[in-house]
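Reading the structure
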There are 2 protein chains.
Amino acid sequence: MDIESKKTAPIGVFDSGVGGLTVAREIAIQLPKENIVYFGDTARVPYGSKSKDTIIRFSEQIIRFLSTKHVKAIVIACNTASALALEAVRDKFEVPIIGVVVPGARAAVTTTERLKVGVIGTEATVKSGMYTKNIQKMNPEITVIEKACPLFVPLVEEGFREHHITAEAIDYYLKSMKNTGIDAMILGCTHYPLLRTQIQEYLGEKIKIVNPAYEAAMDLKQLLEHADMANTGEDLCSKYEFYVSDAAEKFRQFANSVMPFDVPRTNIVNIEEY
Amino acid sequence: MDIESKKTAPIGVFDSGVGGLTVAREIAIQLPKENIVYFGDTARVPYGSKSKDTIIRFSEQIIRFLSTKHVKAIVIACNTASALALEAVRDKFEVPIIGVVVPGARAAVTTTERLKVGVIGTEATVKSGMYTKNIQKMNPEITVIEKACPLFVPLVEEGFREHHITAEAIDYYLKSMKNTGIDAMILGCTHYPLLRTQIQEYLGEKIKIVNPAYEAAMDLKQLLEHADMANTGEDLCSKYEFYVSDAAEKFRQFANSVMPFDVPRTNIVNIEEY
């Protein structure tokens, strides 16, 4: 690819399902000139309870699919896949790949003053301990408390954001976290920003919420500028394409509630063929 | 296969994950001489929110895998796959295949006196309307009220059976159902028998619970006897094999809490290759 076509090439963004839309949304807001190809693995969602080998295999298939769209960079907009598969796929593919864990960890390190950080995520992300490892690599004096909240994803996906069952679940999972002295809390799953208001209210204003989706968009911006790959066209209308492995219409409806524009169409891909 | 080896051949049982173990348990209890090969599609669980085409494709892959184990009959121990894929796969494969929907519907028809039946299940099962269709094919005068309860599966899988969040969810989903005059309630998802006590308590004794897992085991018994395929060996110790597409150890632990015997080992299969 020559430099000019590299600049206009799209960013590939993928997730196990709809959660990564919170990352695509941040990219659309922070980098409004970039084109995006989004893939949601709705046929195999959720990733959070699956094993490392499986997550790597799924991620490789998706990267092979995104490569057919000539993406110039890929953002793994899924904490579980970032935690479990990023290193493996970086070794295997030439396209630059960014995850959400390192940017999220870095933001927490600069946010915490008490050197005590909380992380909530899926079972697989927490089990991997990747947030703790990355935070302590940057500052070994920081204590990290991780907690899996496996019900949050189905609660968000089933539209229970405002329901008091969700309030109960927040209390159930975060009660022990609340009084540990943390002053920063990483939303270590891309669905959780959709519960941000409720979580912030429960934890109180003294605990600052870190959203890795926002941080990953910032990292992407830097990467594109440094590599001279940012889209600098003047009169471009950005193009967003959405692909899923299943249930396109349900995805489209959810996407419309998350993205800052209308999602007109979602395409189905048989991802197992890649 | 000659008649004698057909008799000792195993029963194939499959589900999207652990839920179908409630069906395998019923088969183990009702047909203690039969060998069982169980497959749980833990890499692609849940099926309940996926589309018909995807469920058919997944079911075909699993039936091809079970065929390599020379099963003499297959039980689709998953309401979603029974509702969406049974007809398609029956046309395609020679091995006799039983689902859970028809046996469950038949039991409800003989149970209801007021001619009013409730059905709870996943989104996909309810959307298919297969319970209503099958019940009204047997007795068009029966009114059927179906309701999707998408949080029940994650609540069971995350070990919240006894927690008051589950009681809240039961109240949330079943409140409208409780006073409709139904006198039979089909547990139209294989996970739900694991919430049977809580659901029965909430609904009260006047509403009889119908468990399709039990009914499917009874149908299987009849099928094997009529086709002269029942295992009649005298001194056999039945063999149970468990295969999953991911997270074998987590499956084994769950299986141990459901099955009436110790599950020693679970094998991983790359189901996408079938």
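In what follows, the structure referred to is the one given above.
Structural notes, computed from the coordinates. Predicted, not measured: the structure shown is a model, and the values here were computed from it.

**Comments concerning the pattern of salt bridges**
- Overall, the coordinates contain 22 salt bridges over all chains when judged by the stated rule.
- Here glutamate 249 of chain A ties to arginine 252 of chain A by a salt bridge, and the two come within 3.0 Å at their closest N and O atoms. Of this pair, glutamate 249 of chain A and arginine 252 of chain A both sit in helix H12 (residues 248–258), 3 residues apart, which is roughly one turn of that helix.
- What makes glutamate 249 of chain A partly exposed here is its relative accessible area of 42%.
- Between aspartate 219 of chain B and arginine 106 of chain B there is a salt bridge whose closest N-O contact spans 2.9 Å. Here aspartate 219 of chain B, found in helix H11 (residues 212–226), pairs with arginine 106 of chain B, found in helix H5 (residues 101–111); they are 113 residues apart in sequence, far enough to count as distant.
- Salt bridges here are not isolated pairs; linked through shared partners, they connect Asp41, Arg44 and Arg57 of chain A together with Glu272 of chain B.

**Structural notes on the environment of lysine 147 of chain A**
All names here are of chain A.
- Tracing the chain through its elements places lysine 147 in strand S6 (residues 143–148).
- On the basis of relative accessible area, lysine 147 is assigned to the partly exposed category, the value being 26%.
- Considering only alpha carbons, one finds lysine 147 and valine 100, 47 residues apart in sequence, at a separation of 17 Å.
- For lysine 147, the residues in contact, after removing those within four places along its chain, are Val119, Ile120, Gly121, Val126, Tyr173, Ser176 and Met177.

**Let's talk about the layout of surface pockets**
- In this model, the second largest pocket occupies a volume close to 560 Å³.
- In terms of lining residues, the second largest pocket is bounded by 28 residues, among which Lys52, Ala83, Leu84, Ser128 and Met130 of chain A are the most central.
- The set of elements that each furnish at least two residues to the lining of the second largest pocket consists of helix H3 (52–67), helix H4 (79–92), helix H5 (101–111), helix H6 (123–128) and helix H7 (130–138) of chain A together with helix H12 (248–258) of chain B.
- The greatest single-element share of the lining of the second largest pocket, amounting to 8 residues, is contributed by H4 of chain A.
- The residue inventory of the lining of the second largest pocket, partitioned by class, reads 12 nonpolar, 6 polar and 10 charged.

**Let's talk about the packing of helix H2 (residues 21–30) of chain B against H12 of chain B**
Residues and elements named next belong to chain B.
- In the contact formed by H2 and H12, the axes pass within 10 Å of each other and the chain directions differ by 45 degrees. The pairing of H2 with H12 is recorded here as oblique in orientation. With respect to the hand of their crossing, H2 and H12 are arranged in right-handed fashion. Residues Leu21, Thr22 and Arg25 of H2 pack against Phe251, Phe254, Ala255 and Val258 of H12.
- When the residues that make up the contact of H2 with H12 are grouped by side-chain class, the tally is 5 nonpolar, 1 polar and 1 charged.

**Describing helix H10 (residues 196–203) of chain A**
Residues and elements named next belong to chain A.
- Buried within H10 we find Gln198, Ile199, Gln200, Tyr202 and Leu203.
- Turning to H10, the residues buried within the fold contact strand S5 (116–121), helix H8 (152–157), helix H9 (164–178), strand S7 (184–188) and strand S8 (208–210).
- Glycine 204 lies just past H10 and shows a positive phi near 90 degrees.

Calculation criteria
Residues numbered from 1 in each chain as written. Chains lettered and ligands numbered in written order. Predicted model: local features only at pLDDT ≥ 70, side-chain atom pairs only at ≥ 80, totals over all residues. Heavy atoms only, no water. Salt bridge = Lys/Arg side-chain N within 4 Å of Asp/Glu carboxyl O. Helix = DSSP H or I, 4+ residues; strand = E, 2+ residues; numbered from the N terminus. Buried < 20%, exposed > 50% of the residue type's maximum accessible area, 1.4 Å probe, protein only. Contact = heavy atoms within 4.5 Å. 1 Å grid on protein atoms, 1.4 Å probe; cavity = no way out; pocket = protein on both sides within 12 Å on 5 of 7 lines; lining within 4 Å. Points joined across faces, edges and corners; volume = space filled by probe spheres on them. Nonpolar A, V, L, I, M, F, W, Y, C, P; charged D, E, K, R; others polar. Axes fitted to C-alpha atoms, helices over the stretch in contact; angles between N-to-C directions. Parallel < 35°, antiparallel > 145°, perpendicular 65-115°, else oblique. Left-handed = near helix turned anticlockwise from the far one by under 90°.

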